[in-house]
Amino acid sequence: MPKETSLKIATWNVNSIRTRQQLVREWLVTNQIEILCLQETKVVDGNFPRADFEELGYQVYVYGQKAYNGVAIFSKIPLKDVSVGFSPILGSTRVGDWDEQKRLITGVVNNTRIVNVYVPNGAGLNDSKYEYKLKWLGLLREYLQTLVKESSLDICICGDFNIAPEDKDIYNSEGKENHIMFSPPERQALQYVLDIGFQDALRKFNPNSGVFTWWDYRANGFSRNRGWRIDHHYLSPNLYEKAESCWVDLEPRKQVKPSDHTPVIVSLEF
DNA sequence: ATGGCGAATGCAATTCGA
């Protein structure tokens, strides 16, 4: 038994798990990933292609819906205390309709609660979906605040946040003040969540500009490297100390029929 | 400035994503 164990947690918006099934499988075969958090699975739970991943030794936890949204966690170690949506923590009275869109799944491993989120995109600043995004982030803050208050577990929040936190997280931030994924109100809403006490895992190791996780399918975004960093791992203080590396894997984005996102991986030493 | 591309639904064209 090694004195220290390493746990690699990846996050990847796959833009349909059924379309990306083979790509995800191949990536897991060539990479030693203990936990994979998926977003935009776009499939109801009964149709999730779980067998392919169970064969690789993963427990598969899903929370999906027809056509849109959907999150899942694959884990080599069985998770404890798995729950989906806001209501198990915040209560159905407070949450109301906010769990209609399937955007959050959580479970516990190694004294660590993993919270996998797919934050709403928001469409545009004058769209009702923008208001939805800001309110959803407010609810996420309440959710995390409640977790922190009610338990001493470490927390890793990872997923597609649909927000580039800083100028250097966009290939060119000029003129993007009113652009979805960069406007000040949404960045402030994210910062308000992080102010509870979470830190950006990637920025512990890499202060540089030009680190991206998403490239638009249109206008050859990837070949021109017109990217954005909108997928993140945010860690509570103890976990932040345990992080030993964090990186983006560009290989899946180079493949035929890729997702428009590529995986981000954090390695934790316990 | 606009639209570009890709996926789902469901079978043509529309909606959505970011």
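Now for a quick tour of the structure. (Residues numbered from 1 in each chain as written. Chains lettered and ligands numbered in written order. Predicted model: local features only at pLDDT ≥ 70, side-chain atom pairs only at ≥ 80, totals over all residues. Heavy atoms only, no water.)

## Re the pattern of salt bridges
For clarity, the cut-off: Any Lys or Arg side-chain nitrogen found within 4 Å of a carboxyl oxygen on Asp or Glu counts as a salt bridge. A helix here means a DSSP run of H or I that spans at least four residues, while a strand means a run of E at least two residues long, and both kinds are numbered starting from the N terminus. Relative accessible area decides the class of each residue, using a 1.4 Å probe on protein chains only: under 20% of the type maximum gives buried, over 50% gives exposed, and in between gives partly exposed.
What the rule picks out here adds up to 11 salt bridges. A salt bridge links Arg 25 to Asp 52, with the nearest nitrogen and oxygen atoms 3.4 Å apart. Within this pair, whereas Arg 25 is found in helix H1 (residues 21-30), its partner Asp 52 is found in helix H2 (residues 51-54), the two being separated by 27 residues in sequence. Arg 25 gets classed as partly exposed once you look at its relative accessible area, which sits at 21%. Each of Asp 169, Asp 200, Arg 203 and Arg 229 takes part in a single network of salt bridges with overlapping partners.

## Examining H1
This is how the line gets drawn: Relevant arc is that of directions from the helix axis to the C-beta atoms, nothing else. In this description, contact between two residues means that some pair of their heavy atoms is separated by no more than 4.5 Å.
Looking at H1, one finds that the buried residues are Leu 23, Val 24, Trp 27 and Leu 28. Down the axis of H1, the buried set is contained in an arc of 130°. They therefore lie on one face. On its buried face, H1 is in contact with strand E1 (6-13), strand E2 (35-39), H2, strand E4 (71-75), helix H9 (251-254) and strand E14 (264-269).

## Quick look at the nonpolar core
In plain terms, the rule: Here, nonpolar core refers to any group of buried Ala, Val, Leu, Ile, Met, Phe, Trp, Tyr and Cys residues whose side-chain atoms link them within 4.5 Å.
Of all hydrophobic cores here, the largest spans 27 residues; its most connected members are Ile 9, Ile 35, Leu 235 and Val 266. Not counting chain neighbours up to four residues away, the residues in contact with Ile 9 comprise Ile 35, Cys 37, Ile 114, Cys 156, Cys 158, His 233, Val 264, Ile 265, Val 266 and Leu 268. Ranked by size, the runner-up nonpolar core spans 24 residues in total, among them Val 119, Leu 137, Tyr 143 and Tyr 234.

## Considerations on the packing of aromatic side chains
Two numbers describe a pair of aromatic rings. These are the distance of the centres and the angle of the planes. Counted only if it meets this: Two aromatic rings, drawn from Phe, Tyr or Trp (for Trp, its six-membered ring), form a pair once their centres lie within 6.5 Å of each other, and the interplanar angle then sorts them: stacked below 30 degrees, edge-to-face above 60, tilted otherwise. Any Lys NZ or Arg CZ that is within 6 Å of a ring centre and within 35 degrees of that ring's normal is treated as a charge sitting over the ring.
Inspection of every chain in the model, using the stated rule, returns 10 aromatic pairs. Look at Trp 215 and Phe 222: their rings are 4.9 Å apart centre to centre, the planes differ by 85°, and that puts the pair in the edge-to-face class. On the accessibility criterion, Trp 215 (1% relative accessible area) is buried. You can call Phe 222 partly exposed: its relative accessible area is 23%. When the ring centre of Tyr 240 is taken as origin, the NZ or CZ atom of Lys 204, which lies over that ring, is 5.2 Å away.

## A closer look at the state of the cysteines
Rules: Throughout, disulfides are identified as pairs of cysteine sulfur atoms within 2.5 Å of each other.
Considering all chains together, one arrives at zero disulfides under this definition. Not engaged in a disulfide, the cysteine Cys 158 finds its nearest cysteine sulfur in Cys 37; these two sulfurs lie 3.5 Å apart.

## Section: the sheet that holds strand E5 (residues 80-84)
What holds strands together in a sheet is hydrogen bonding between their backbones, with the strands either parallel or antiparallel. Short version of the rule: In this scheme, strands are said to pair when DSSP sees at least two bridges between them. Axis geometry follows a simple rule: fit a line to the C-alpha atoms, using only the stretch in contact for helices, then measure angles between N-to-C directions, giving values from 0 to 180 degrees.
In space, the six strands of this open sheet follow the order E5-E6-E7-E8-E12-E9, with mixed pairing throughout. The open sheet terminates on both sides in strands that have one partner only, identified here as E5 and strand E9 (199-200). Seen against the sheet, helix H5 (residues 128-150) touches E5, strand E6 (104-109), strand E7 (112-118) and strand E8 (154-160) and runs at an angle of roughly 175° to E7.

## Topic: the layout of surface pockets
Here is the rule: Only protein atoms enter the 1 Å grid used here, on which a cavity is any set of points holding a 1.4 Å probe that cannot leave and a pocket is any open set flanked by protein within 12 Å on both sides along at least five of seven lines; residues with an atom within 4 Å of a point are listed as lining. Grid points are joined across faces, edges and corners, and a volume is the space filled by probe spheres set on the points. Gly is put with the polar residues, along with every residue not named as nonpolar or charged; the nonpolar set is Ala, Val, Leu, Ile, Met, Phe, Trp, Tyr, Cys and Pro, and the charged set is Asp, Glu, Lys and Arg.
Considered as a void within the structure, the largest pocket measures approximately 360 Å³ in volume. Lining the largest pocket are 19 residues; nearest its centre among them are Asn 121, Trp 214, Asp 216, Arg 218 and Asp 260. Taken together, 13 residues line the second largest pocket, and the ones lying closest to its centre are Asn 69, Arg 103, Tyr 118, Asn 121 and Lys 129. Taken together, the residues that form the lining of the second largest pocket break down as five nonpolar, four polar and four charged.

## Re H5
Short version of the rule: Here, expected helix span is obtained from the residue count minus one, scaled by 1.5 Å. Contacts described as polar in this section are N or O atom pairs within 3.5 Å, which, within protein, must combine one atom able to donate a hydrogen with one able to accept it, while residues neighboring in sequence count only if both atoms come from side chains.
The end-to-end C-alpha distance of H5, which contains 23 residues, comes to 33 Å, matching closely the 33 Å that a straight helix rising 1.5 Å per residue would cover. Taken residue by residue, H5 has Tyr 130, Lys 133, Trp 136, Leu 137, Leu 139, Leu 140, Arg 141, Tyr 143, Leu 144, Thr 146 and Leu 147 as its buried positions. Among the residues of H5, the N-terminal cap falls to Asp 127, whose side-chain oxygen and the backbone nitrogen of Lys 129 are separated by 2.9 Å.

## As for the protein's contact with DNA strand B
For clarity, the cut-off: When at least one non-hydrogen atom of a residue lies within 4 Å of a molecule or strand, that residue is treated as near it.
Inspection of the region around DNA strand B gives 24 residues, with Ser 16, Glu 40, Tyr 118, Asn 121 and Trp 214 positioned closest. In DNA strand B, atoms within 4 Å of the protein come from the sugar-phosphate backbone in 63% of cases. Here a phosphate oxygen of DNA strand B and a side-chain polar atom of Tyr 118 are 2.8 Å apart. Asp 160 places a polar side-chain atom, nitrogen or oxygen, 3.4 Å from a phosphate oxygen of DNA strand B. Classifying every residue of the surface near DNA strand B by side-chain character gives eight nonpolar, seven polar and nine charged.

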